[in-house]
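# An overview of the molecular structure
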Amino acid sequence: MTTDPPPEPTEGPTPGRPRRARGAFRNWRRTRPFWAALWTGLGGFVIFFLPMAPLGKILQVGVGGIAGMAGGVVLMAMALLILLLPGQRHTAGVIAVIAGVASFPLSNLGGLFVGMVLSVLGGSMAFAWLPEKPAGRRRPGRTTPSASVRSGSA
């Protein structure tokens, strides 16, 4: 008989866990317009933070700074709407494109063109995105017309 305590189990990360998490994220991402939401959100981020300055500077800038912040917030909200409610992607995509184009005269040339281009790209991708349709299944026992013609002529 030994008096050694039994070895304690080592609790490390299981090798399959990150792979399963990545696969689950990939499956979730493919059910919604992920890239459209990402580009729209980045465009809104650029438009929102480009005019950010101390309050004294914003008051000197005036409506342009406030319109830029409002446009950026609208674009980031549309990105969340596109991502979380893919059924509303058409409405959110159109609003994102309109807000992106409106940021050109309202906010530092649309975030120095970068924010405007990203938001228009994301909004148009959201509008054009279609969910993947499942593969059609054939019912058993049904034959195609060409198979019935071949069997009848033999």
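### Considering the overall build of the protein
Across its full length, the protein holds eight helices and zero strands. Counting from the amino terminus, the protein carries its helices and strands in the arrangement α-α-α-α-α-α-α-α. In the protein, which comprises 154 residues, the share counted as buried stands at 28%. A separation threshold of at least 6 residues defines the contact pool for the protein, and within that pool the share at least 24 residues apart is 70%. If you sum the accessible surface of the protein, you get close to 11,100 Å²; carbon and sulfur atoms cover 68% of it.

### What to know about the side chain of Arg-32
Looking at the element boundaries, Arg-32 is found in the loop between helix H1 (17-29) and helix H2 (34-49). At a separation of 2.8 Å, a polar atom in the side chain of Arg-32 contacts the main-chain carbonyl oxygen of Leu-83. Residues within four places of Arg-32 in sequence aside, it is in contact with Leu-83, Leu-84, Pro-86 and Trp-129.

### Some words on the packing of aromatic side chains
Throughout the structure, instances matching the rule amount to seven aromatic pairs. Centroid distance Phe-104 to Phe-113: 5.5 Å. Interplanar angle 40°. Geometry classified as tilted. Classification of Phe-104 as partly exposed rests on a relative accessible area of 33%. Judged by its relative accessible area of 43%, Phe-113 falls in the partly exposed class. Connected via pairs of aromatic rings, a cluster forms that spans Phe-25, Trp-28, Phe-34, Trp-35 and Trp-39.

### Looking at the nonpolar core
In this structure, Phe-34, Ala-36, Ala-37, Ile-47, Leu-75, Met-78, Ile-82, Leu-83, Ala-92, Ala-96, Ala-99 and Ala-126 together form the largest nonpolar core, which totals twelve residues. Elements that contribute at least two residues to this core include exactly H2, helix H4 (63-84) and helix H5 (89-106).

### Describing H5
With 18 residues, H5 ought to run about 26 Å at 1.5 Å a step, and its terminal C-alpha atoms sit 25 Å apart, in line with that. Taken together, the buried positions of H5 are Arg-89, Ala-92, Gly-93, Ala-96, Ala-99, Gly-100 and Ser-103. All buried residues of H5 fall inside an arc of 130° around its axis, so they share one side. The exposed residues of H5 that point more than 90 degrees off its buried face are Ile-98 and Pro-105. At the exit of H5 stands Asn-108, carrying a positive phi of roughly 45°.

### Points about a nonpolar patch on the surface
A contiguous nonpolar surface patch, about 530 Å² in accessible area, is contributed by Leu-50, Phe-104, Leu-109, Leu-112, Phe-113 and Val-117. Inspection of the secondary structure puts Val-117 in helix H7 (residues 114-128).

### What to know about the packing of H2 against H7
Relative to each other, H2 and H7 sit at 155°, their axes nearing to 7 Å. It follows that H2 is roughly antiparallel to H7 by the angle criterion. Regarding H2 and H7, the two cross each other, and that crossing is left-handed. Judged by residue contacts, Trp-35, Ala-36, Trp-39, Thr-40, Leu-42, Gly-43, Val-46 and Ile-47 of H2 engage Val-114, Gly-115, Met-116, Leu-118, Ser-119, Leu-121, Gly-122, Gly-123, Met-125 and Ala-126 from H7. Here the contact of H2 with H7 is built from residues that sort into twelve nonpolar, six polar and no charged.

So, how was this worked out
- Residues numbered from 1 in each chain as written.
- Predicted model: local features only at pLDDT ≥ 70, side-chain atom pairs only at ≥ 80, totals over all residues.
- Heavy atoms only, no water.
- Helix = DSSP H or I, 4+ residues; strand = E, 2+ residues; numbered from the N terminus.
- Buried < 20%, exposed > 50% of the residue type's maximum accessible area, 1.4 Å probe, protein only.
- Contact = heavy atoms within 4.5 Å.
- Areas by Shrake-Rupley, 256 points an atom, 1.4 Å probe, with all protein chains shown as cover.
- Polar contact = N/O pair within 3.5 Å; in protein donor to acceptor, adjacent residues only side chain to side chain.
- Phe/Tyr/Trp six-rings, centres within 6.5 Å; stacked < 30°, edge-to-face > 60°.
- Core = buried A, V, L, I, M, F, W, Y, C linked by side-chain atoms within 4.5 Å.
- Expected span 1.5 Å × (residues − 1).
- Arc of directions from axis to C-beta.
- Patch = residues over 30% accessible without salt bridge, like charges linked within 9 Å, V, L, I, M, F, W, Y side chains within 5 Å.
- Salt bridge = Lys/Arg side-chain N within 4 Å of Asp/Glu carboxyl O.
- Axes fitted to C-alpha atoms, helices over the stretch in contact; angles between N-to-C directions.
- Parallel < 35°, antiparallel > 145°, perpendicular 65-115°, else oblique.
- Left-handed = near helix turned anticlockwise from the far one by under 90°.
- Nonpolar A, V, L, I, M, F, W, Y, C, P; charged D, E, K, R; others polar.

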